[in-house]
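Here is what each chain is made of, one letter per residue.
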There are 2 protein chains.
Amino acid sequence: MTKGRLIGVGLGPGDPELLTVKAVEIIRAAPVIAFFAKKGRRGNAREIADRWIPEGRIELPLYYPMTTEVSFEDSRYIASLRAFYEAATDMLAAHLDTGRDVALLAEGDPLFYSSFMHLYVRVREHFATEIVPGVTGMAGCWSRAGLPMSWGDDALSVLPGTLSEDDLAKRLAETQAAVIMKLGANLPKVRRAILRANLLQHAIYVERGTMAGEKIVRLAERGDEEAPYFAMILIPGNGRRP
Amino acid sequence: MTKGRLIGVGLGPGDPELLTVKAVEIIRAAPVIAFFAKKGRRGNAREIADRWIPEGRIELPLYYPMTTEVSFEDSRYIASLRAFYEAATDMLAAHLDTGRDVALLAEGDPLFYSSFMHLYVRVREHFATEIVPGVTGMAGCWSRAGLPMSWGDDALSVLPGTLSEDDLAKRLAETQAAVIMKLGANLPKVRRAILRANLLQHAIYVERGTMAGEKIVRLAERGDEEAPYFAMILIPGNGRRP
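Just so we're clear, the structure is a prediction, and the values are computed from it rather than from any experiment. (Residues numbered from 1 in each chain as written. Chains lettered and ligands numbered in written order. Predicted model: local features only at pLDDT ≥ 70, side-chain atom pairs only at ≥ 80, totals over all residues. Heavy atoms only, no water.)

S.K.: Would you explain the packing of aromatic side chains in this entry?
M.R.: By convention here, two paired aromatic rings are described through the distance between centres and the angle between planes. Under the criterion given, the structure shown has 14 aromatic pairs over all chains. Aromatic pair Phe112(B) and Tyr113(B): ring centres 4.8 Å apart, planes at 75°, arrangement edge-to-face. Phe112(B) sits in the buried class, given a relative accessible area of 7%. Put simply, the rings of Phe36(A), Tyr64(A), Phe84(A) and Tyr85(A) pair up and form one aromatic cluster. When the ring centre of Tyr205(B) is taken as reference, the NZ or CZ atom of Arg222(B) above it lies at 4.3 Å. (Phe/Tyr/Trp six-rings, centres within 6.5 Å; stacked < 30°, edge-to-face > 60°. Buried < 20%, exposed > 50% of the residue type's maximum accessible area, 1.4 Å probe, protein only. Lys NZ or Arg CZ within 6 Å of the ring centre and 35° of its normal.)

S.K.: Where do I start with the packing of helix H3 (residues 75-97) of chain A against helix H4 (residues 116-123) of chain A in this structure?
M.R.: Axes are the key here: two packed helices are described by the angle between their axes and the distance separating the axes. Residues and elements named next belong to chain A. The interhelical angle for the contact between H3 and H4, taken along N-to-C directions, is 60°, at an axis separation of 9 Å. In terms of orientation, H3 lies oblique with respect to H4. Between H3 and H4 the crossing geometry is right-handed. Packed against H3, whose contacting residues are Arg82, Tyr85, Glu86, Ala88, Thr89, Leu92 and Leu96, the element H4 presents His118, Leu119, Arg122 and Val123 at the interface. Of the residues belonging to the contact of H3 with H4, the class tally is 6 nonpolar, 2 polar and 3 charged. (Axes fitted to C-alpha atoms, helices over the stretch in contact; angles between N-to-C directions. Helix = DSSP H or I, 4+ residues; strand = E, 2+ residues; numbered from the N terminus. Parallel < 35°, antiparallel > 145°, perpendicular 65-115°, else oblique. Left-handed = near helix turned anticlockwise from the far one by under 90°. Contact = heavy atoms within 4.5 Å. Nonpolar A, V, L, I, M, F, W, Y, C, P; charged D, E, K, R; others polar.)

S.K.: Explanation requested: the sheet that holds strand E5 (residues 129-132) of chain B in the structure shown.
M.R.: The strands making up a sheet associate through hydrogen bonds between their backbones, and the pairing can be parallel or antiparallel. Residue and element names in this part refer to chain B. The strand order across the open sheet built from 5 strands is E3-E2-E4-E1-E5, with neighbouring strands paired in parallel fashion. At either margin of the open sheet sits one strand with a lone partner, and together these are strand E3 (58-63) and E5. Put simply, the sheet's adjacent strands are angled 20° from each other on average, direction ignored. Of the pairings in the sheet, the one linking strand E1 (residues 6-10) to E5 comprises 4 bridges and is parallel in character. Directly across from Ile7, in E5, lies its bridge partner Glu130. Together, E1, strand E2 (32-37), E3, strand E4 (102-106) and E5 form the strand contacts of helix H4 (residues 116-123), whose direction differs from that of E1 by roughly 160°. (Pairing = 2+ DSSP bridges.)

S.K.: Would you explain the nonpolar core in this entry?
M.R.: It is characteristic of soluble globular proteins that their nonpolar side chains tend to be buried jointly. Core analysis: the biggest nonpolar cluster contains 90 residues, and Leu92(A), Trp142(A), Leu92(B) and Trp142(B) have the highest contact counts within it. The residues contacting Trp142(B), other than those within four sequence positions of it, are Asp109(A), Leu111(A), Phe112(A), Leu147(B), Met149(B), Val179(B) and Leu234(B). (Core = buried A, V, L, I, M, F, W, Y, C linked by side-chain atoms within 4.5 Å.)

S.K.: Explain the environment of Glu174(B) to me, please; I cannot follow it from the model alone.
M.R.: Tracing the sequence through the fold places Glu174(B) in helix H6 (residues 165-174). You can call Glu174(B) partly exposed: its relative accessible area is 28%. For Glu174(B) and Gly10(B), which are 164 residues apart along the polypeptide, the C-alpha to C-alpha distance reads 31 Å. For Glu174(B), the side chain forms a polar contact with the side chain of Lys170(A), separated by 3.4 Å. (Polar contact = N/O pair within 3.5 Å; in protein donor to acceptor, adjacent residues only side chain to side chain.)

S.K.: Quick question: what am I supposed to make of the pairing of strand E10 (residues 232-235) of chain B here?
M.R.: Regular strands place their side chains on alternate faces of the sheet. Residues and elements named next belong to chain B. On E10, burial covers both faces: Met232 and Leu234 on one face and Ile233 and Ile235 on the other are all buried. In the sheet, strand E8 (residues 204-207) pairs with E10 via 3 bridges, with the strands oriented antiparallel. From the neighbouring strand, Ile204 faces E10, where its bridge partner is Leu234.

S.K.: What is the right way to look at the relation of the copies chain B and chain A in this model?
M.R.: The two chain copies are connected by a rotation around an axis plus a translation along it. Aligned on chain A, chain B shows an RMSD of 0.0 Å; the corresponding rotation is 180° and the shift along the axis is 0.0 Å. The transformation relating the two chain copies, once decomposed into turn and shift, fits a two-fold axis. Looking at the interface residues of chain B, 100% of them are also at the interface in chain A, so both copies use one shared face. (Least-squares fit on C-alpha atoms with pLDDT ≥ 70 in both.)

S.K.: Got a minute to help me understand the pattern of salt bridges in this structure?
M.R.: The tally for this structure, following the rule as stated, stands at 42 salt bridges over all chains. The partner of Lys22(B) in a salt bridge is Asp15(A), with the nearest N and O atoms 3.5 Å apart. Highlighted residues: Lys22(B) in helix H1 (residues 21-29) and Asp15(A) in the loop between strand E1 (6-10) and helix H1 (21-29), drawn from two different chains. Under the relative-accessibility criterion, Asp15(A) is labelled buried at 14%. (Salt bridge = Lys/Arg side-chain N within 4 Å of Asp/Glu carboxyl O.)

S.K.: Looking at this structure, I do not really get the interface of chain B and chain A. What am I missing?
M.R.: The extent of an interface is frequently quoted as the accessible surface area lost upon association of the parts. Across the boundary between the two partners, chain B contributes 61 residues, which contact 61 residues of chain A. Here chain B meets chain A over a buried area of about 4900 Å², counting both sides, of which 60% is carbon and sulfur. Contact with chain A buries area across many residues of chain B, yet Val21(B), Arg240(B) and Pro242(B) alone supply 14% of it, more than any other trio. Counting the contacts that link chain B with chain A gives 4 salt bridges. If you look at where chain B meets chain A, you find 28 residue pairs in polar contact (both at pLDDT 80 or more). Those elements that place two or more of their residues in the side of chain B that touches chain A are H1, helix H3 (75-97), H4, E5, helix H5 (137-145), strand E6 (156-160) and H6 of chain B. In this sheet, E6(B) lies alongside strand E6 (residues 156-160) of chain A in antiparallel orientation, the contact comprising 3 bridges. From the neighbouring strand, Val158(A) faces E6(B), where its bridge partner is Leu156(B). (Buried area = accessible area lost by both parts, 1.4 Å probe.)

Below is the structure:
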(Lines give C-alpha, C1' and ligand atoms only; values in the text may rest on other atoms or scores of the structure.)
Protein backbone atom coordinates (compact mmCIF):
# COMPACT_ATOMS: atom_id res chain seq x y z
CA MET A 1 0.00 0.00 0.00
CA THR A 2 1.21 3.50 -0.80
CA LYS A 3 1.96 5.53 2.29
CA GLY A 4 0.66 9.06 2.72
CA ARG A 5 2.67 12.24 2.30
CA LEU A 6 3.22 14.96 4.88
CA ILE A 7 2.59 18.36 3.34
CA GLY A 8 3.73 21.44 5.23
CA VAL A 9 1.33 24.20 4.28
CA GLY A 10 2.34 27.82 4.84
CA LEU A 11 -0.68 29.88 5.91
CA GLY A 12 0.85 33.33 5.52
CA PRO A 13 0.69 36.16 8.06
CA GLY A 14 -2.92 35.86 9.20
CA ASP A 15 -5.32 37.24 6.59
CA PRO A 16 -7.02 34.12 5.11
CA GLU A 17 -6.82 35.72 1.64
CA LEU A 18 -3.02 35.56 1.93
CA LEU A 19 -2.83 31.80 1.60
CA THR A 20 -1.45 30.79 -1.78
CA VAL A 21 -3.62 29.14 -4.40
CA LYS A 22 -1.59 25.98 -3.90
CA ALA A 23 -2.07 26.02 -0.11
CA VAL A 24 -5.84 26.27 -0.59
CA GLU A 25 -5.80 23.35 -3.05
CA ILE A 26 -3.80 21.18 -0.65
CA ILE A 27 -6.06 22.00 2.29
CA ARG A 28 -9.17 21.23 0.22
CA ALA A 29 -7.78 17.88 -0.93
CA ALA A 30 -5.99 16.51 2.14
CA PRO A 31 -7.98 13.91 4.10
CA VAL A 32 -6.27 14.91 7.37
CA ILE A 33 -5.64 18.48 8.57
CA ALA A 34 -3.16 18.76 11.46
CA PHE A 35 -2.31 21.94 13.36
CA PHE A 36 -0.65 23.14 16.55
CA ALA A 37 -2.72 24.75 19.28
CA LYS A 38 -2.65 25.58 22.94
CA LYS A 39 -4.76 23.25 25.05
CA GLY A 40 -8.34 24.40 25.28
CA ARG A 41 -8.03 26.66 22.24
CA ARG A 42 -8.73 26.27 18.57
CA GLY A 43 -5.43 27.92 17.76
CA ASN A 44 -4.42 30.65 15.36
CA ALA A 45 -3.43 28.32 12.50
CA ARG A 46 -6.81 26.53 12.49
CA GLU A 47 -8.52 29.92 12.63
CA ILE A 48 -6.63 31.32 9.63
CA ALA A 49 -7.35 28.23 7.51
CA ASP A 50 -10.98 27.93 8.63
CA ARG A 51 -12.74 29.09 5.47
CA TRP A 52 -10.71 26.72 3.31
CA ILE A 53 -11.29 23.48 5.25
CA PRO A 54 -14.18 21.43 3.82
CA GLU A 55 -16.74 19.76 6.10
CA GLY A 56 -15.97 16.30 7.34
CA ARG A 57 -12.19 16.34 7.24
CA ILE A 58 -10.27 14.47 9.89
CA GLU A 59 -8.80 17.15 12.15
CA LEU A 60 -5.72 16.45 14.20
CA PRO A 61 -4.98 19.17 16.77
CA LEU A 62 -1.49 18.93 18.30
CA TYR A 63 -1.64 20.50 21.75
CA TYR A 64 1.51 22.09 23.15
CA PRO A 65 2.41 20.74 26.58
CA MET A 66 2.58 24.20 28.22
CA THR A 67 0.61 27.35 27.69
CA THR A 68 2.88 29.80 29.47
CA GLU A 69 6.35 30.81 28.42
CA VAL A 70 9.05 28.94 30.30
CA SER A 71 12.78 29.48 29.92
CA PHE A 72 14.16 27.28 27.21
CA GLU A 73 17.12 26.59 29.48
CA ASP A 74 14.84 24.68 31.83
CA SER A 75 15.66 21.01 31.22
CA ARG A 76 12.15 19.86 32.15
CA TYR A 77 10.80 22.17 29.45
CA ILE A 78 13.15 20.71 26.86
CA ALA A 79 12.21 17.17 27.86
CA SER A 80 8.53 18.00 27.78
CA LEU A 81 8.79 19.61 24.33
CA ARG A 82 10.77 16.69 22.96
CA ALA A 83 8.18 14.23 24.24
CA PHE A 84 5.47 16.36 22.65
CA TYR A 85 7.19 16.47 19.25
CA GLU A 86 7.76 12.72 19.36
CA ALA A 87 4.15 11.97 20.29
CA ALA A 88 2.92 14.36 17.59
CA THR A 89 5.17 12.65 15.03
CA ASP A 90 3.61 9.31 15.99
CA MET A 91 0.12 10.79 15.55
CA LEU A 92 1.02 11.95 12.04
CA ALA A 93 2.68 8.62 11.24
CA ALA A 94 -0.45 6.69 12.21
CA HIS A 95 -2.36 8.45 9.41
CA LEU A 96 0.53 8.37 6.92
CA ASP A 97 0.92 4.62 7.47
CA THR A 98 -2.67 4.00 6.37
CA GLY A 99 -2.04 5.92 3.13
CA ARG A 100 -3.66 9.20 4.13
CA ASP A 101 -1.94 12.45 3.18
CA VAL A 102 -1.65 14.87 6.08
CA ALA A 103 -1.61 18.65 5.61
CA LEU A 104 0.19 20.18 8.59
CA LEU A 105 -0.65 23.87 8.85
CA ALA A 106 2.14 26.35 9.59
CA GLU A 107 1.62 30.04 10.24
CA GLY A 108 3.80 32.17 7.97
CA ASP A 109 6.27 29.97 6.06
CA PRO A 110 6.82 26.34 7.12
CA LEU A 111 10.64 26.48 7.14
CA PHE A 112 11.13 29.86 8.81
CA TYR A 113 11.08 29.73 12.66
CA SER A 114 8.15 27.30 12.73
CA SER A 115 7.11 24.47 15.03
CA PHE A 116 6.39 22.52 11.85
CA MET A 117 10.12 21.92 11.33
CA HIS A 118 10.43 19.88 14.51
CA LEU A 119 7.98 17.33 13.11
CA TYR A 120 9.23 17.65 9.53
CA VAL A 121 12.78 16.53 10.32
CA ARG A 122 11.40 13.52 12.20
CA VAL A 123 8.70 12.49 9.73
CA ARG A 124 10.83 12.79 6.60
CA GLU A 125 13.05 9.96 7.77
CA HIS A 126 10.16 7.61 6.99
CA PHE A 127 7.66 9.30 4.67
CA ALA A 128 7.51 11.45 1.54
CA THR A 129 7.09 15.16 2.23
CA GLU A 130 6.28 18.36 0.38
CA ILE A 131 6.49 22.00 1.40
CA VAL A 132 4.15 24.76 0.25
CA PRO A 133 5.91 28.03 1.09
CA GLY A 134 3.95 30.89 2.59
CA VAL A 135 4.06 34.65 2.95
CA THR A 136 6.10 35.27 6.11
CA GLY A 137 4.65 37.16 9.04
CA MET A 138 7.28 39.85 8.54
CA ALA A 139 6.24 40.42 4.90
CA GLY A 140 2.63 40.73 6.05
CA CYS A 141 3.72 43.33 8.62
CA TRP A 142 5.86 45.45 6.32
CA SER A 143 3.19 45.40 3.59
CA ARG A 144 0.61 46.74 6.05
CA ALA A 145 3.09 49.37 7.27
CA GLY A 146 3.81 50.39 3.65
CA LEU A 147 7.51 50.09 4.42
CA PRO A 148 9.98 49.37 1.61
CA MET A 149 12.34 47.15 3.60
CA SER A 150 15.47 46.46 1.58
CA TRP A 151 16.95 48.22 -1.44
CA GLY A 152 19.80 47.38 -3.79
CA ASP A 153 22.80 46.29 -1.73
CA ASP A 154 21.15 46.48 1.70
CA ALA A 155 21.76 43.53 4.01
CA LEU A 156 18.67 42.54 5.99
CA SER A 157 18.97 40.83 9.39
CA VAL A 158 16.21 38.85 11.03
CA LEU A 159 16.94 38.90 14.77
CA PRO A 160 15.11 37.11 17.58
CA GLY A 161 14.32 39.45 20.48
CA THR A 162 15.65 36.72 22.75
CA LEU A 163 19.27 37.71 21.94
CA SER A 164 21.19 39.71 24.54
CA GLU A 165 21.09 43.51 24.48
CA ASP A 166 24.78 43.68 23.53
CA ASP A 167 24.37 41.16 20.73
CA LEU A 168 21.29 42.95 19.37
CA ALA A 169 22.95 46.39 19.51
CA LYS A 170 26.04 45.11 17.70
CA ARG A 171 24.05 43.35 14.97
CA LEU A 172 21.75 46.35 14.49
CA ALA A 173 24.72 48.68 14.09
CA GLU A 174 26.19 46.46 11.36
CA THR A 175 23.12 45.84 9.20
CA GLN A 176 21.14 48.09 6.87
CA ALA A 177 17.64 46.67 7.46
CA ALA A 178 16.36 44.61 10.37
CA VAL A 179 13.36 42.70 11.61
CA ILE A 180 13.23 41.91 15.32
CA MET A 181 10.86 39.06 16.13
CA LYS A 182 9.70 37.34 19.31
CA LEU A 183 9.20 40.55 21.25
CA GLY A 184 6.98 39.58 24.18
CA ALA A 185 8.66 40.56 27.43
CA ASN A 186 11.87 41.32 25.50
CA LEU A 187 10.60 44.70 24.32
CA PRO A 188 12.37 46.96 26.89
CA LYS A 189 15.70 45.23 26.17
CA VAL A 190 15.13 45.43 22.40
CA ARG A 191 14.36 49.15 22.70
CA ARG A 192 17.60 49.78 24.60
CA ALA A 193 19.54 47.96 21.86
CA ILE A 194 17.80 50.02 19.16
CA LEU A 195 18.62 53.22 21.03
CA ARG A 196 22.28 52.21 21.31
CA ALA A 197 22.34 51.62 17.55
CA ASN A 198 20.76 55.05 17.09
CA LEU A 199 17.83 53.64 15.12
CA LEU A 200 14.82 54.55 17.27
CA GLN A 201 13.56 57.14 14.80
CA HIS A 202 13.32 54.46 12.07
CA ALA A 203 11.76 51.64 14.11
CA ILE A 204 8.14 50.63 13.46
CA TYR A 205 6.22 48.39 15.85
CA VAL A 206 3.65 46.01 14.31
CA GLU A 207 1.24 43.79 16.22
CA ARG A 208 -1.19 41.33 14.57
CA GLY A 209 -0.22 42.49 11.05
CA THR A 210 -2.96 41.71 8.44
CA MET A 211 -5.35 40.52 11.20
CA ALA A 212 -8.19 41.96 13.26
CA GLY A 213 -6.74 44.13 16.05
CA GLU A 214 -3.73 45.16 13.94
CA LYS A 215 -1.58 47.89 15.49
CA ILE A 216 1.14 49.80 13.63
CA VAL A 217 2.96 52.61 15.46
CA ARG A 218 6.39 54.18 15.54
CA LEU A 219 8.30 52.47 18.35
CA ALA A 220 9.15 55.90 19.75
CA GLU A 221 5.44 56.43 20.35
CA ARG A 222 4.86 53.13 22.14
CA GLY A 223 5.59 52.43 25.80
CA ASP A 224 7.47 49.45 27.19
CA GLU A 225 4.39 47.50 28.28
CA GLU A 226 4.66 43.85 27.30
CA ALA A 227 4.04 43.05 23.64
CA PRO A 228 2.49 39.87 22.23
CA TYR A 229 5.11 37.23 21.46
CA PHE A 230 4.43 37.49 17.72
CA ALA A 231 4.64 41.28 17.53
CA MET A 232 7.71 42.56 15.70
CA ILE A 233 9.79 45.64 15.02
CA LEU A 234 10.76 46.68 11.50
CA ILE A 235 13.74 48.89 10.68
CA PRO A 236 13.81 49.55 6.94
CA GLY A 237 16.96 49.88 4.87
CA ASN A 238 17.76 53.02 2.99
CA GLY A 239 20.03 51.71 0.23
CA ARG A 240 20.77 52.99 -3.24
CA ARG A 241 17.87 54.43 -5.13
CA PRO A 242 18.15 56.47 -8.29
CA MET B 1 -13.78 62.02 -9.95
CA THR B 2 -12.18 59.41 -7.74
CA LYS B 3 -8.61 58.68 -8.66
CA GLY B 4 -7.34 55.15 -9.11
CA ARG B 5 -5.21 53.19 -6.64
CA LEU B 6 -1.80 51.67 -7.24
CA ILE B 7 -1.73 48.09 -5.98
CA GLY B 8 1.63 46.36 -5.64
CA VAL B 9 0.96 42.68 -6.20
CA GLY B 10 3.52 40.12 -4.99
CA LEU B 11 3.73 37.23 -7.46
CA GLY B 12 5.76 34.86 -5.31
CA PRO B 13 8.84 32.89 -6.38
CA GLY B 14 7.74 31.80 -9.85
CA ASP B 15 5.24 28.93 -9.70
CA PRO B 16 1.89 30.53 -10.70
CA GLU B 17 0.15 28.47 -8.01
CA LEU B 18 2.18 30.37 -5.40
CA LEU B 19 0.34 33.64 -5.90
CA THR B 20 -1.95 34.39 -2.95
CA VAL B 21 -5.71 34.24 -3.29
CA LYS B 22 -5.75 38.01 -2.80
CA ALA B 23 -3.17 38.60 -5.54
CA VAL B 24 -5.28 36.58 -7.98
CA GLU B 25 -8.39 38.56 -7.05
CA ILE B 26 -6.60 41.88 -7.56
CA ILE B 27 -5.17 40.80 -10.92
CA ARG B 28 -8.59 39.62 -12.09
CA ALA B 29 -10.27 42.88 -11.06
CA ALA B 30 -7.72 45.55 -12.01
CA PRO B 31 -8.41 47.35 -15.29
CA VAL B 32 -4.70 47.99 -15.86
CA ILE B 33 -1.89 45.46 -15.36
CA ALA B 34 1.61 46.96 -15.27
CA PHE B 35 4.87 45.03 -15.15
CA PHE B 36 8.60 45.46 -15.65
CA ALA B 37 10.32 43.74 -18.58
CA LYS B 38 13.43 43.88 -20.67
CA LYS B 39 12.89 45.44 -24.09
CA GLY B 40 11.81 42.86 -26.64
CA ARG B 41 10.74 40.37 -23.98
CA ARG B 42 7.50 39.58 -22.25
CA GLY B 43 9.28 39.44 -18.91
CA ASN B 44 9.23 36.99 -16.03
CA ALA B 45 6.55 38.82 -14.00
CA ARG B 46 4.07 38.84 -16.91
CA GLU B 47 4.85 35.18 -17.51
CA ILE B 48 4.19 34.15 -13.89
CA ALA B 49 0.87 36.02 -13.79
CA ASP B 50 -0.23 34.89 -17.24
CA ARG B 51 -2.93 32.39 -16.30
CA TRP B 52 -4.60 34.87 -13.96
CA ILE B 53 -4.91 37.85 -16.34
CA PRO B 54 -8.31 37.99 -18.03
CA GLU B 55 -8.66 38.78 -21.74
CA GLY B 56 -8.93 42.40 -22.75
CA ARG B 57 -7.09 44.04 -19.86
CA ILE B 58 -5.01 47.13 -20.54
CA GLU B 59 -1.40 45.97 -20.26
CA LEU B 60 1.34 48.43 -19.44
CA PRO B 61 4.84 47.00 -19.89
CA LEU B 62 7.59 49.11 -18.33
CA TYR B 63 10.79 48.45 -20.28
CA TYR B 64 14.10 48.81 -18.45
CA PRO B 65 16.48 51.15 -20.25
CA MET B 66 19.35 48.62 -20.37
CA THR B 67 19.40 44.87 -20.79
CA THR B 68 22.97 44.18 -19.71
CA GLU B 69 24.38 44.62 -16.24
CA VAL B 70 26.26 47.89 -15.85
CA SER B 71 28.08 49.03 -12.73
CA PHE B 72 25.75 50.95 -10.48
CA GLU B 73 28.59 53.38 -9.84
CA ASP B 74 28.36 54.54 -13.47
CA SER B 75 26.65 57.95 -13.29
CA ARG B 76 25.10 57.54 -16.75
CA TYR B 77 23.45 54.34 -15.53
CA ILE B 78 22.01 56.08 -12.48
CA ALA B 79 20.70 58.95 -14.59
CA SER B 80 19.20 56.54 -17.09
CA LEU B 81 17.49 54.49 -14.35
CA ARG B 82 16.15 57.60 -12.67
CA ALA B 83 14.69 58.86 -15.96
CA PHE B 84 13.13 55.43 -16.49
CA TYR B 85 11.51 55.37 -13.03
CA GLU B 86 10.18 58.88 -13.53
CA ALA B 87 8.75 58.10 -16.95
CA ALA B 88 7.20 54.88 -15.63
CA THR B 89 5.65 56.81 -12.73
CA ASP B 90 4.09 59.19 -15.25
CA MET B 91 2.70 56.26 -17.21
CA LEU B 92 1.06 54.88 -14.07
CA ALA B 93 -0.21 58.33 -13.08
CA ALA B 94 -1.91 58.80 -16.45
CA HIS B 95 -4.14 55.81 -15.70
CA LEU B 96 -4.60 56.61 -12.01
CA ASP B 97 -5.67 60.15 -12.90
CA THR B 98 -8.55 58.83 -15.01
CA GLY B 99 -9.79 56.73 -12.06
CA ARG B 100 -8.37 53.38 -13.17
CA ASP B 101 -6.77 51.12 -10.56
CA VAL B 102 -3.37 49.82 -11.64
CA ALA B 103 -2.01 46.45 -10.47
CA LEU B 104 1.80 46.61 -10.68
CA LEU B 105 3.22 43.09 -10.63
CA ALA B 106 6.28 42.38 -8.48
CA GLU B 107 8.15 39.09 -8.44
CA GLY B 108 8.51 37.71 -4.91
CA ASP B 109 7.34 40.30 -2.37
CA PRO B 110 6.77 43.93 -3.45
CA LEU B 111 8.75 45.53 -0.58
CA PHE B 112 11.75 43.20 -0.53
CA TYR B 113 14.52 44.14 -3.03
CA SER B 114 12.03 44.96 -5.78
CA SER B 115 11.94 47.44 -8.64
CA PHE B 116 8.35 48.09 -7.60
CA MET B 117 9.55 50.17 -4.63
CA HIS B 118 11.14 52.80 -6.88
CA LEU B 119 7.74 53.59 -8.38
CA TYR B 120 5.83 53.06 -5.12
CA VAL B 121 7.68 55.81 -3.22
CA ARG B 122 7.05 58.23 -6.12
CA VAL B 123 3.40 57.35 -6.78
CA ARG B 124 2.27 57.36 -3.15
CA GLU B 125 2.97 61.06 -2.88
CA HIS B 126 -0.10 61.60 -5.08
CA PHE B 127 -2.30 58.49 -5.08
CA ALA B 128 -3.73 55.88 -2.73
CA THR B 129 -1.76 52.63 -2.65
CA GLU B 130 -2.09 49.09 -1.37
CA ILE B 131 0.42 46.26 -1.05
CA VAL B 132 -0.37 42.57 -1.43
CA PRO B 133 2.60 40.72 0.08
CA GLY B 134 4.03 37.70 -1.71
CA VAL B 135 6.04 34.58 -1.00
CA THR B 136 9.68 35.66 -1.35
CA GLY B 137 11.98 34.03 -3.87
CA MET B 138 14.13 32.76 -1.00
CA ALA B 139 11.16 31.00 0.67
CA GLY B 140 10.36 29.36 -2.67
CA CYS B 141 13.97 28.18 -2.92
CA TRP B 142 14.28 26.78 0.61
CA SER B 143 10.92 25.04 0.34
CA ARG B 144 12.06 23.25 -2.83
CA ALA B 145 15.37 22.37 -1.18
CA GLY B 146 13.49 21.02 1.88
CA LEU B 147 15.78 23.09 4.07
CA PRO B 148 14.60 24.20 7.53
CA MET B 149 16.26 27.63 7.52
CA SER B 150 16.00 29.18 10.98
CA TRP B 151 15.29 27.66 14.38
CA GLY B 152 14.60 29.16 17.79
CA ASP B 153 17.14 31.89 18.47
CA ASP B 154 18.94 31.74 15.11
CA ALA B 155 19.63 35.08 13.44
CA LEU B 156 19.11 34.99 9.68
CA SER B 157 21.02 37.36 7.38
CA VAL B 158 19.98 38.19 3.84
CA LEU B 159 23.12 39.32 2.04
CA PRO B 160 23.49 40.66 -1.50
CA GLY B 161 26.31 38.94 -3.41
CA THR B 162 27.43 42.40 -4.46
CA LEU B 163 29.07 43.00 -1.04
CA SER B 164 32.86 42.70 -0.83
CA GLU B 165 34.47 39.36 -0.02
CA ASP B 166 35.68 40.67 3.36
CA ASP B 167 32.28 42.03 4.26
CA LEU B 168 30.52 38.79 3.25
CA ALA B 169 33.00 36.60 5.15
CA LYS B 170 32.62 38.69 8.30
CA ARG B 171 28.81 38.70 8.16
CA LEU B 172 28.66 34.97 7.43
CA ALA B 173 30.89 34.21 10.41
CA GLU B 174 28.60 36.18 12.72
CA THR B 175 25.19 34.85 11.68
CA GLN B 176 23.48 31.50 12.19
CA ALA B 177 21.55 31.27 8.91
CA ALA B 178 22.14 33.13 5.65
CA VAL B 179 20.71 33.71 2.21
CA ILE B 180 23.04 35.16 -0.40
CA MET B 181 21.18 36.73 -3.31
CA LYS B 182 22.19 38.42 -6.56
CA LEU B 183 24.83 35.86 -7.43
CA GLY B 184 25.45 36.35 -11.16
CA ALA B 185 29.14 36.98 -11.76
CA ASN B 186 29.64 37.34 -7.98
CA LEU B 187 29.66 33.58 -7.43
CA PRO B 188 33.45 32.99 -7.25
CA LYS B 189 33.80 35.82 -4.70
CA VAL B 190 30.83 34.55 -2.69
CA ARG B 191 32.33 31.05 -2.63
CA ARG B 192 35.63 32.40 -1.28
CA ALA B 193 33.74 34.23 1.48
CA ILE B 194 31.81 31.06 2.36
CA LEU B 195 35.04 29.08 2.49
CA ARG B 196 36.62 31.66 4.80
CA ALA B 197 33.59 31.36 7.11
CA ASN B 198 34.02 27.57 6.99
CA LEU B 199 30.47 27.05 5.74
CA LEU B 200 30.96 25.39 2.35
CA GLN B 201 29.67 22.03 3.56
CA HIS B 202 26.33 23.63 4.52
CA ALA B 203 25.79 25.82 1.44
CA ILE B 204 23.04 24.91 -1.05
CA TYR B 205 22.87 26.52 -4.50
CA VAL B 206 19.37 27.08 -5.96
CA GLU B 207 18.58 28.35 -9.44
CA ARG B 208 15.04 29.02 -10.75
CA GLY B 209 13.46 27.68 -7.55
CA THR B 210 9.80 26.54 -8.09
CA MET B 211 10.11 27.11 -11.88
CA ALA B 212 10.87 25.05 -14.98
CA GLY B 213 14.63 24.45 -15.18
CA GLU B 214 15.03 24.44 -11.39
CA LYS B 215 18.48 23.37 -10.17
CA ILE B 216 19.32 22.53 -6.55
CA VAL B 217 22.84 21.34 -5.73
CA ARG B 218 25.32 21.53 -2.90
CA LEU B 219 27.58 24.50 -3.63
CA ALA B 220 30.58 22.23 -3.11
CA GLU B 221 29.41 20.24 -6.14
CA ARG B 222 28.98 23.23 -8.43
CA GLY B 223 31.74 24.98 -10.38
CA ASP B 224 32.37 28.71 -10.51
CA GLU B 225 30.77 29.25 -13.93
CA GLU B 226 28.53 32.31 -13.92
CA ALA B 227 25.14 31.90 -12.22
CA PRO B 228 21.90 33.66 -13.18
CA TYR B 229 21.45 36.94 -11.33
CA PHE B 230 18.45 35.56 -9.44
CA ALA B 231 20.12 32.34 -8.32
CA MET B 232 20.87 32.20 -4.59
CA ILE B 233 22.79 30.32 -1.93
CA LEU B 234 21.11 29.08 1.24
CA ILE B 235 22.98 28.33 4.46
CA PRO B 236 20.54 26.95 7.04
CA GLY B 237 20.74 27.62 10.76
CA ASN B 238 21.13 24.86 13.26
CA GLY B 239 19.62 26.40 16.38
CA ARG B 240 17.97 24.87 19.41
CA ARG B 241 15.79 21.89 18.78
CA PRO B 242 14.51 19.59 21.46
